[in-house]
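Architecture at a glance
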Amino acid sequence: MQHYPDARSVVRALEPDEPIILNRPHAAARAARFFVEKFPGKSLYAVKANPSPDLFQILWDNGITHYDVASIAEVRSVRSVLPDATLCFMHPVKSPGAIREAYFQHGVKTFSLDSSEELAKIVKATRDEDGNDATDLRLCVRLRVSSEHAALSLAAKFGCDLTEAPALLQETRQYADWLGVCFHVGSQAMSPFAYVQALDRTRAAIAEASVVIDMIDVGGGFPSVYPGMEPPPLEDYFKIIHQHFYALPVAYNAELWCEPGRALCAEYSSLVVKVEKRRGEELYINDGAYGALFDAAHVDWKFPVRALEDDLIKPEMDFAFYGPTCDDADYMPGPFGLPEDIQAGDYIEIGMLGAYGAAMKTDFNGFGAAERIIVTDEPMASLYDGSRTRPVADNVVSLR
């Protein structure tokens, strides 16, 4: 993989006609060390956010030993790169074949579930040839919790209701060597209070079930920095989670887990695109809704942008983007602030695309090729580079 100092040097050297993904291994390494050193428990990387084998290795080298996998393909992918990693199959709905292969071929012991039907499936799929139940299963019951503090909700599809949780915990305890409770507050949770509400629901479920709990997994949702989304310091999230975890009725040696995806990899990558056409306040670029900019199109995500030309002198104005395909839905409303005199042939860097960017690229309409290049400059925004200072008014105080 080629190495350059920054996006401008890439453009000057290559004058690319196709999009280029810029990877920053040092940024992912720094994020991993932050979670390893500061989160008061175990951090699992949520592989779905960016399933790059290179990224797996970077995270492993910087202390991330556990990986949240959501499919048998992710199980195989991580295991092929990291033979000693601990894999946790945290998708609450899995096929029997996927469970069987994960358990018997890849050494997966930890599985998530949110129903009695899924529990029965896991138990049956992990029986040995003589029909004996597995005795080393680590099972996590997923609760449905609110996503009201998150930019993207994850409250509708998975998780058992609080009324169902106690019975499911009791049933699961019968088959689990190690029993956990997990939840997900949604993607890009902008307030630590999201975890307080979820942990309060967890407390109620455990108290009603009256079973021994060995682990609490607070899931993902830890935010990154985007235009218009400036979260509190992650230390505030960690502190309030730690406080409420210790107040739960769990085993004295119970573990605390989290599953960051975006927070570990958002700063890892950015994207260089070329302007193919300008029509007023609309720029036609060579990547879009079916490429790395899915979120910009479908959930109006505001990614940071900067022009890479040295001769643009006019002040910024707001632009929308069209992607390269023939589909009208290949449209990103933004707004994206760029110099008023930008034109066809100019290049733009779009930042913070390490999470769910390259991971969601398709080949629709024949587009989708993107070379990957390593750059050594800083990402366009960071929670980990020391540049952000705590606000004078700490909004977490009111939550304690």
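Residues numbered from 1 in each chain as written. Predicted model: local features only at pLDDT ≥ 70, side-chain atom pairs only at ≥ 80, totals over all residues. Heavy atoms only, no water.

Next up on the list: the pairing of strand S2 (residues 20–23). Both faces of the sheet carry side chains from a regular strand, because those side chains alternate between them. Going residue by residue along S2, you find Ile20 and Leu22 tucked away on one face and Ile21 and Asn23 tucked away on the opposite face as well. Relative to strand S19 (residues 371–375), S2 is paired through four bridges, and the arrangement is parallel. Across the sheet, asparagine 23 pairs through a bridge with isoleucine 374, a residue of S19. (Buried < 20%, exposed > 50% of the residue type's maximum accessible area, 1.4 Å probe, protein only. Helix = DSSP H or I, 4+ residues; strand = E, 2+ residues; numbered from the N terminus. Pairing = 2+ DSSP bridges.)

On to helix H5 (residues 96–106). For H5, the full list of buried residues reads Ala98, Ile99, Glu101, Ala102, Tyr103 and His106. Contacts from the buried residues of H5 go to helix H4 (72–81), strand S5 (86–89), strand S6 (110–113) and helix H6 (116–125). Glycine 107, located one to two residues past H5, shows a positive phi value of around 70°. (Contact = heavy atoms within 4.5 Å.)

When pLDDT is low, close inspection of the predicted coordinates is not appropriate. Residues at a pLDDT of 70 or more form 94% of the protein, whose mean pLDDT is 90. A low-confidence stretch, residues 391–400 (pLDDT under 50), is modelled with twelve contacts involving residues beyond four sequence positions or located in other chains. (pLDDT = per-residue confidence, 0-100.)

Time to look at the packing of helix H2 (residues 25–38) against helix H3 (residues 53–61). The geometry of H2 relative to H3 is characterised by a closest axis approach of 8 Å and an angle of 45° between their N-to-C directions. Comparing the axis directions of H2 and H3 gives the class oblique. In terms of crossing hand, the pair formed by H2 and H3 is right-handed. Together, Pro25, Ala28, Ala29 and Ala32 of H2 and Leu55, Ile58 and Leu59 of H3 make up the contact between the two elements. Across the contact of H2 with H3, the residue classes break down as seven nonpolar, no polar and no charged. (Axes fitted to C-alpha atoms, helices over the stretch in contact; angles between N-to-C directions. Parallel < 35°, antiparallel > 145°, perpendicular 65-115°, else oblique. Left-handed = near helix turned anticlockwise from the far one by under 90°. Nonpolar A, V, L, I, M, F, W, Y, C, P; charged D, E, K, R; others polar.)

On to helix H1 (residues 7–14). Inspection of H1 places Ala7, Ser9, Val10 and Val11 among the buried residues, and these make up the whole buried set. Looking at the buried side of H1, the elements it contacts are strand S1 (3–4), S2, strand S13 (269–279), strand S18 (347–350) and S19. Near the N-terminus of H1, the side chain that reaches the backbone nitrogen of arginine 8, with its oxygen 3.4 Å away, is that of aspartate 6. One or two residues past the end of H1 sits glutamate 15, with phi positive at roughly 45°. (Polar contact = N/O pair within 3.5 Å; in protein donor to acceptor, adjacent residues only side chain to side chain.)

Okay, the nonpolar core next. Within the largest apolar cluster, 116 residues are counted, with the highest numbers of intra-cluster contacts made by Phe35, Tyr45, Val218, Phe222 and Ile348. When residues of this core are assigned to their parent elements, the largest contribution, eight residues, is made by helix H8 (residues 193–209). Excluding anything up to four places from it in sequence, valine 218 contacts Phe39, Phe183, Tyr195, Leu199, Ile241, Leu256, Trp257 and Cys258. Counting residues in each nonpolar core, the second largest holds eleven residues, with Val10, Val272, Leu308 and Tyr347 among its members. (Core = buried A, V, L, I, M, F, W, Y, C linked by side-chain atoms within 4.5 Å.)

With respect to the element layout, histidine 66 can be found in strand S4 (residues 66–69). Excluding residues within four positions of it along the chain, histidine 66 makes contact with Lys42, Ser43, Leu44, Tyr45, Thr86, Cys88 and Trp257.

Attention now goes to the pattern of salt bridges. As enumerated under the stated definition, the model contains 18 salt bridges in all. Taking the shortest distance from any N to any O, the salt bridge between lysine 94 and glutamate 118 comes out at 3.0 Å. Of this pair, lysine 94 sits in the loop between S5 and H5 while glutamate 118 is found in helix H6, placing the two residues 24 residues apart along the sequence. Side by side, lysine 94 and glutamate 118 carry an identical accessibility label, which is buried. The salt bridge partner of arginine 127 is aspartate 133, with a shortest N-O separation of 2.6 Å. The network of salt bridges with common partners includes Arg24, Arg306, Glu349 and Asp377. (Salt bridge = Lys/Arg side-chain N within 4 Å of Asp/Glu carboxyl O.)

Inspection of the entire model under this criterion finds 22 aromatic pairs. With centroids separated by 4.3 Å and ring planes inclined at 5°, the aromatic side chains of phenylalanine 321 and phenylalanine 336 adopt a geometry described as stacked. Here phenylalanine 321, found in strand S16 (residues 316–322), pairs with phenylalanine 336, found in strand S17 (residues 331–339); they are 15 residues apart in sequence, far enough to count as distant. Like phenylalanine 336, phenylalanine 321 is buried. Cluster of aromatic residues (ring-pair linked, three or more members): Phe34, Phe35, Phe39, Tyr195, Phe222, Tyr237, Phe238 and Tyr384. The aromatic ring of tyrosine 103 is capped on one face by lysine 109, whose charged end is 4.4 Å from the ring centroid. The ring of tryptophan 178 carries the charged tip of arginine 138 above its face, separated from the ring centre by 3.7 Å. (Phe/Tyr/Trp six-rings, centres within 6.5 Å; stacked < 30°, edge-to-face > 60°. Lys NZ or Arg CZ within 6 Å of the ring centre and 35° of its normal.)

A cis amide bond links glycine 334 with the next residue in sequence, proline 335, at an omega value of 5°. For proline 335, the position within the fold is in strand S17. Positive phi outside glycine occurs at serine 210, with the angle close to 55°. Looking at the secondary structure, you find serine 210 in the loop between H8 and strand S11 (215–217). Residue classification places serine 210 among the exposed residues on the basis of a relative accessible area of 63%. Although it is not a glycine, tyrosine 356 sits at a positive phi angle of roughly 65°.

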